[in-house]
Amino acid sequence: MTPPPAVRRVLSAFCIFFATIALAFAGADDDWAAIEKLDAGPQTAPASRDEAIRLARAHFARHQALIVAFIRDHRDDPRVFDARLRLATIKAALGSMDSKPALIGEALREMMALEKTPGVSTQRQADAAFRRISLQMQTTTGRDHEIREAVVSAARNFANRFPDDKRSPRLLVEAATQCDDVPATMRDLLSHARSLSREPALDARIADDFRRMDALGKPVDITFSTLQGHTIDTTRLRGKVVVLVFWAAESPHSLIWMDEFRKALRKIPKENLQIAAVSLDENRKALDDAMAAFQIDWPTHFDGKGWENAVARPLGINALPTVWVLDKRGTLRALNARESYSTLIRTLLAERA
């Protein structure tokens with residue numbers, strides 16, 4: 001029988017209390033192991049959103065208690081730096097959960113202070129800087145160009161400070177994804193990342209991004225069969241604006257985006273507009289169910305190969321959803337218009353072929 005919320009809160013408080021007391025009698029290694037064990041997150045599956053929030057709060061509270069006790073009991077342990085970084089990270093997570101920008105700002109300042117701790121190794125400075133920059137990327141608000149500039153600046157700063165850190169090229173590649181509509185900046189970021197990368201998987205992703213960039217501003221000739229029994233050939237669609245949606249029903253991000261896209265399409269003129277989709281699903285039933293739910297009737301390609309899809313792979317598609325928009329001459333005008341598709345489609349529809 002599940003105890004009522006009030007009882008669960010009391011039990012949670014007792015758990016935190018006794019866990020903290022127990023730490024006082026354990027060694028530093030045991031204490032740190034207890035902290036690291038909590039990195040896996042709450043092990044109870046929530047029954048609802050409210051329950052998920054309660055579980056998260058209880059988990060954060062327990063994590064904080066253990067970390068505070070570790071700092072108090074082992075102040076000379078070199079892991080105290082990491083403990084303080086974890087505390088700042090938890091504070092940021094709570095600030096995000098409660099929509100409190102001030103709390104996030106406080107966490108960012110604490111991370112920045114840790115970066116400047118006297119005598120700290122370069123590796124630990126990099127750890128604090130990476131955590132801070134990742135948080136900034138997730139929480140920066142403002143106009144699109146302001147967010148992009150902040151992300152690009154942060155990634156470049158980290159890469160310049162820590163060129164040998166394997167996270168540097170990853171950050172540069174992530175920043176490049178914000179620059180689909182600024183090709184020169186995107187190419188510069190990718191070139192910098194390629195010069196630093198020592199990971200085959202990341203090298204492959206960078207190669208994909210360059211392949212997509214090379215197609216921008218050029219006529220795109222794509223042909224594929226559809227589930228509806230027809231063939232899409234972009235060379236035969238000249239005179240129309242063509243929107244190619246690369247997505248997957250097995251991708252949560254795709255599903256969220258597709259819901260908004262379907263609603264937005266109702267307000268966009270349909271004349272001289274062709275929508276087509278390429279599914280990167282492996283499960284045909286998942287795709288069929290999603291198409292039925294969204295009432296998708298536009299031509300859709302599926303071969304069950306996932307990321308190795310015969311249409312998407314040669315084009316360097318490595319993120320979902322990816323939205324390509326071709327103008328009436330068949331020229332690729334956007335590498336990924338998942339946010340700007342409405343304005344771009346209207347603009348291209350108004351252009352002469």
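Residues numbered from 1 in each chain as written. Predicted model: local features only at pLDDT ≥ 70, side-chain atom pairs only at ≥ 80, totals over all residues. Heavy atoms only, no water.

Colleague: Can you help me understand the overall build of the chain in this one?
Modeller: From N to C terminus, the chain includes 13 helices and seven strands. The principal-axis extents of the C-alpha atoms in the chain amount to approximately 75 × 55 × 35 Å. The buried share of the chain, taken over its 353 residues, is 44%. Here the chain displays about 18,900 Å² of accessible surface, and carbon together with sulfur accounts for 53% of that area. Charge centroids of the chain, computed over 51 positive and 46 negative side chains, lie 4 Å from each other. (Helix = DSSP H or I, 4+ residues; strand = E, 2+ residues; numbered from the N terminus. Buried < 20%, exposed > 50% of the residue type's maximum accessible area, 1.4 Å probe, protein only. Areas by Shrake-Rupley, 256 points an atom, 1.4 Å probe, with all protein chains shown as cover. Lys, Arg positive; Asp, Glu negative; His and termini not counted. Charge placed at Lys NZ, Arg CZ, Asp CG, Glu CD.)

Colleague: Sorry, what's going on with helix 8 (residues 167–176) here?
Modeller: Note: α-helices contain 3.6 residues per turn, so residues at a spacing of three or four share the same orientation. Counted residue by residue, helix 8 has eight buried out of ten residues, so it is predominantly covered. Taken together, the buried positions of helix 8 are Arg 167, Ser 168, Pro 169, Leu 171, Leu 172, Val 173, Ala 175 and Ala 176. The secondary structure elements touched by the buried residues of helix 8 are helix 6 (122–139), helix 7 (144–161), helix 9 (183–196) and helix 10 (200–215). (Contact = heavy atoms within 4.5 Å.)

Colleague: Help me understand the pairing of strand 4 (residues 273–279) in this model?
Modeller: Along a regular strand, successive side chains alternate from one face of the sheet to the other. Most of strand 4 sits out of view: seven of its seven residues are buried. Pairing geometry for strand 3 (residues 241–247) and strand 4, over seven bridges, is parallel. Residue Leu 244 lies in a different strand from strand 4, and its bridge partner there is Ala 276. Taking the sense of rotation as the criterion, the β-α-β connection linking strand 3, helix 11 (residues 252–265) and strand 4 turns out right-handed. (Pairing = 2+ DSSP bridges. Right-handed = clockwise from strand over helix to strand, strands pointing away.)

Colleague: What am I meant to see in the layout of surface pockets here?
Modeller: If a probe as big as a water molecule is rolled over the atoms, it shows which places are left empty. A volume near 800 Å³ is recorded for the largest pocket. Where the lining of the largest pocket is concerned, the elements lending two or more residues are helix 7, helix 10 and strand 7 (332–334). A total of four residues in the lining of the largest pocket trace back to one element, the largest contributor, which is helix 7. Classifying every residue of the lining of the largest pocket gives twelve nonpolar, six polar and eleven charged. (1 Å grid on protein atoms, 1.4 Å probe; cavity = no way out; pocket = protein on both sides within 12 Å on 5 of 7 lines; lining within 4 Å. Points joined across faces, edges and corners; volume = space filled by probe spheres on them. Nonpolar A, V, L, I, M, F, W, Y, C, P; charged D, E, K, R; others polar.)

Colleague: What should I look at first to understand the packing of aromatic side chains in this one?
Modeller: Within a pair of aromatic rings, the relevant descriptors are the distance that separates the centres and the angle that separates the planes. Counting across every chain of the model gives eight aromatic pairs. With a centroid separation of 5.1 Å and 55° between ring planes, the pair formed by Trp 32 and Phe 70 is classed as tilted. Of this pair, Trp 32 sits in helix 2 (residues 28–37) while Phe 70 sits in helix 3 (residues 49–73), and the two are 38 residues apart along the sequence. Residues Trp 32 and Phe 70 agree in their burial class; the two are buried. Seen in terms of ring centroids, Phe 261 and Trp 298 are 5.8 Å apart; in terms of plane orientation they differ by 70°. Their pairing is edge-to-face. Here Phe 261 is found in helix 11, whereas its partner Trp 298 is found in the loop between helix 12 (284–294) and strand 5 (300–301), with 37 residues between them in sequence. Residue classification places Trp 298 among the buried positions, given a relative accessible area of 5%. An aromatic cluster is defined as three or more aromatic residues linked by ring pairs; in this entry it consists of Trp 257, Phe 261, Trp 298 and Tyr 341. The residue whose ring lies beneath Arg 167 is Phe 130, and the NZ or CZ to ring-centre distance is 4.9 Å. (Phe/Tyr/Trp six-rings, centres within 6.5 Å; stacked < 30°, edge-to-face > 60°. Lys NZ or Arg CZ within 6 Å of the ring centre and 35° of its normal.)

Colleague: Where do I start with the sheet that holds strand 4 in this structure?
Modeller: Judged by pairing direction, the sheet is mixed, and its five strands sit side by side in the order 5-4-3-6-7 without closing on themselves. Taken across any chain shown, the strands that pair with only one partner, and hence form the sheet edges, are strand 5 and strand 7. Here strand 4 pairs with strand 5 via two bridges, running parallel. Residue Val 278 lies in a different strand from strand 5, and its bridge partner there is His 301. Against the sheet, helix 11 touches strand 3, strand 4 and strand 6 (322–326), its axis set at about 155° to strand 3. (Axes fitted to C-alpha atoms, helices over the stretch in contact; angles between N-to-C directions.)

Colleague: Looking at this structure, I do not really get the nonpolar core. What am I missing?
Modeller: Most often, soluble globular proteins have nonpolar side chains that are buried together. In this structure, Leu 190, Ile 222, Phe 224, Leu 244, Phe 246 and Trp 324 are the most contacted members of the largest nonpolar core, which totals 48 residues. In terms of residue count, the dominant contributor to this core is helix 7 (seven residues). Of all hydrophobic cores here, the second largest spans 29 residues; its members include Leu 287, Phe 294, Trp 298 and Val 325. (Core = buried A, V, L, I, M, F, W, Y, C linked by side-chain atoms within 4.5 Å.)

Colleague: Looking at this model, I keep getting lost on the pattern of salt bridges. Mind explaining?
Modeller: It is possible for side chains bearing opposite charge to pair when their charged atoms get close. This model, assessed by the stated rule, comprises 28 salt bridges. Put simply, Asp 327 and Arg 329 hold a salt bridge, and the shortest N to O gap is 3.3 Å. With its nearest N and O atoms 2.9 Å apart, the salt bridge here joins Arg 333 to Asp 327. Asp 327 sits in the buried class, given a relative accessible area of 2%. Taken together, the shared-partner salt bridges connect Asp 327, Arg 329, Arg 333 and Glu 351 into one network. (Salt bridge = Lys/Arg side-chain N within 4 Å of Asp/Glu carboxyl O.)

Colleague: I would appreciate a short explanation of the packing of helix 7 against helix 9 in the present structure.
Modeller: What describes two packed helices is the angle between their axes and the distance between those same axes. Taken N-terminus to C-terminus, the directions of helix 7 and helix 9 make an angle of 25°; their axes are 12 Å apart at the nearest point. Here helix 9 runs roughly parallel to helix 7, going by the angle between their axes. Regarding helix 7 and helix 9, the two cross each other, and that crossing is left-handed. Residues Val 152, Arg 156, Ala 159 and Asn 160 of helix 7 pack against Thr 185, Asp 188, Leu 189, His 192 and Leu 196 of helix 9. Residues belonging to the contact of helix 7 with helix 9 are distributed by class as follows: four nonpolar, three polar and two charged. (Parallel < 35°, antiparallel > 145°, perpendicular 65-115°, else oblique. Left-handed = near helix turned anticlockwise from the far one by under 90°.)

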